[in-house]
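Fold and contact review
Listed below are the residues making up each chain.
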Amino acid sequence: MRVPARGRAGGKVILLGEHAVVYGRPAVASGIPLGLTVEVTAGRGPALRADAPFLADDPRLPALLARAAEAVGLDPAEVVGTVESELPPGRGLGSSAALAVATLRACAAAAGRVLGRDDELALGRRLEALFHGTPSGIDPAAAALGGCFRFVCGEPPQVTPLAIARPLPLVVAFGDAPRSTAAAVAGLRARWDAERDAVETLLDATAAVAEAGAAAAVSGDLDALGAAMDENQRLLAALGVSSPEVEALVAEARRAGALGAKLTGGGAGGAVIALARDPEPVAAALRRGGSRALVIAVGAVGEGGS
Ligand code: PMV
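Residues numbered from 1 in each chain as written. Predicted model: local features only at pLDDT ≥ 70, side-chain atom pairs only at ≥ 80, totals over all residues. Heavy atoms only, no water.

A few words on the overall build of the protein chain. From N to C terminus, the protein chain includes nine helices and 10 strands. Against the compact-globule benchmark of 19 Å for 306 residues, the protein chain has a radius of gyration of 19 Å, which places it among compact chains. Summarising its shape, the C-alpha atoms of the protein chain cover approximately 55 × 40 × 35 Å along the three principal directions. Counting only residues that meet the buried cut, the protein chain has 54% of its 306 residues in that class. Sequence-distant contacts, at least 24 apart, represent 75% of the contacts inside the protein chain between residues at least 6 apart. Accessible surface computed for the protein chain: about 12100 Å², of which carbon and sulfur atoms make up 53%. (Helix = DSSP H or I, 4+ residues; strand = E, 2+ residues; numbered from the N terminus. Rg over C-alpha atoms; globule rule 2.2 N^0.38 Å. Buried < 20%, exposed > 50% of the residue type's maximum accessible area, 1.4 Å probe, protein only. Contact = heavy atoms within 4.5 Å. Areas by Shrake-Rupley, 256 points an atom, 1.4 Å probe, with all protein chains shown as cover.)

Printed below as a string of structure tokens:
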């Protein structure tokens, strides 16, 4: 083994199309610069330790390390690792998928291997399933790619990097309380079972908005992208996955000059993103309300990100 070996992967924001992506509609997402690092070394394994309290005693961590080690031909009984994370958990910023991809990269490096993008996508998705039943796979795709892409779930998923004209200035804001993506996904599934036609109409409308927003991102039309984000937020609220906290943050971001704002990820609380030509005043307004707010720029795949 070539140890110690490190692997890093970023979190993500879904710019357009979360939830609808679970029902086969296209979504647009991007990796973000905030991420986490896993370091593996030789020892009595599989053991994966994290400093963050939310992960400290999580029994899924050794299972993740064991599967990642096996996937690259290492003996899990001989590998131990540590996690250092900058990503807040449970806010819809893709911390589980980043953990899966970073662990995989660290194990691959220890095995002296470099995984191709397709292998990373497929394995990252399998490993993320340890944390979330049957995810669409958009989070590990973002962790693996780093930049902006269009995504349609499937076996294999369609992942199309977007050649966006210029980096997109975003504010990412979130509060103190983690929430459950699985619960939001299950709630929408129950509604889809009960009122399929109405929900399908909203999902089709979301798909159209995601395609319009993808085209706007590629051409650098920030006004049109902002309008698509606002429309997507209205549809997410109609689907029942927004929350009063999210609506308040979105309204505040728009008052402070955002071109568009919406929840990102599972919703029902969690993180909000706002697109703004001048993001600092928007971030400041959201911080005054008690949220954490980060200013980031998301770019094309290969331009940075994670
Ligand atoms: O909350 P997150 O970061 O796990 O994002 C979930 C995105 C959903 O579309 C709601 C679910 C999925 O599997 O795509």
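Once you've had a look at it, read on.
Okay, the environment of Ala-228 next. Topologically, Ala-228 is positioned in helix H7 (residues 222-239). Of the residues examined, Ala-228 reaches a relative accessible area of 7% and is grouped as buried. C-alpha separation for the pair Ala-228 and Ala-261, spaced 33 residues apart in sequence, amounts to 9.3 Å. For Ala-228, the residues in contact, after removing those within four places along its chain, are Leu-16, Val-209 and Gly-213.

By the element assignment, Ala-5 lies in strand E1 (residues 5-16). Given a relative accessible area of 5%, Ala-5 falls into the buried group. Residues Ala-5 and Leu-99, spaced 94 residues apart in sequence, show a C-alpha to C-alpha distance of 15 Å. Setting aside chain neighbours within four positions, we find Ala-5 in contact with Val-38, Glu-39, Val-40, Ala-106, Ala-109 and Ala-110.

What follows is about the pattern of salt bridges. Two side chains carrying opposite charge are able to pair once their charged atoms lie near each other. For the coordinates displayed, the defined rule picks out 16 salt bridges. Notably, a salt bridge pairs Glu-120 with Arg-105, separated by 2.8 Å at the nearest N-O pair. One end of the pair, Glu-120, is in helix H3 (residues 117-128); the other, Arg-105, is in helix H2 (residues 95-110), with 15 residues separating them in the sequence. For the pair Glu-120 and Arg-105, a shared accessibility class is recorded, and that class is buried. (Salt bridge = Lys/Arg side-chain N within 4 Å of Asp/Glu carboxyl O.)

Attention now goes to the site of the ligand. Taken together, 19 residues are adjacent to the ligand, and Lys-12, His-19, Ser-136, Thr-181 and Gly-266 come closest. Between the ligand and His-19 there is a distance of 2.9 Å, counted from an oxygen atom to a backbone nitrogen or oxygen. Here an oxygen atom of the ligand and a side-chain polar atom of Asp-139 are 3.1 Å apart. For the ligand, the protein covers 94% of the area, taking 380 Å² as the surface of the free molecule. Sorting the residues of the shell around the ligand by element identifies E1, helix H4 (138-145) and helix H5 (181-194) as the ones contributing at least two each. Taken together, the residues of the shell around the ligand sort by class into seven nonpolar, eight polar and four charged. (Near = heavy atom within 4 Å. Polar contact = N/O pair within 3.5 Å; in protein donor to acceptor, adjacent residues only side chain to side chain. Nonpolar A, V, L, I, M, F, W, Y, C, P; charged D, E, K, R; others polar.)

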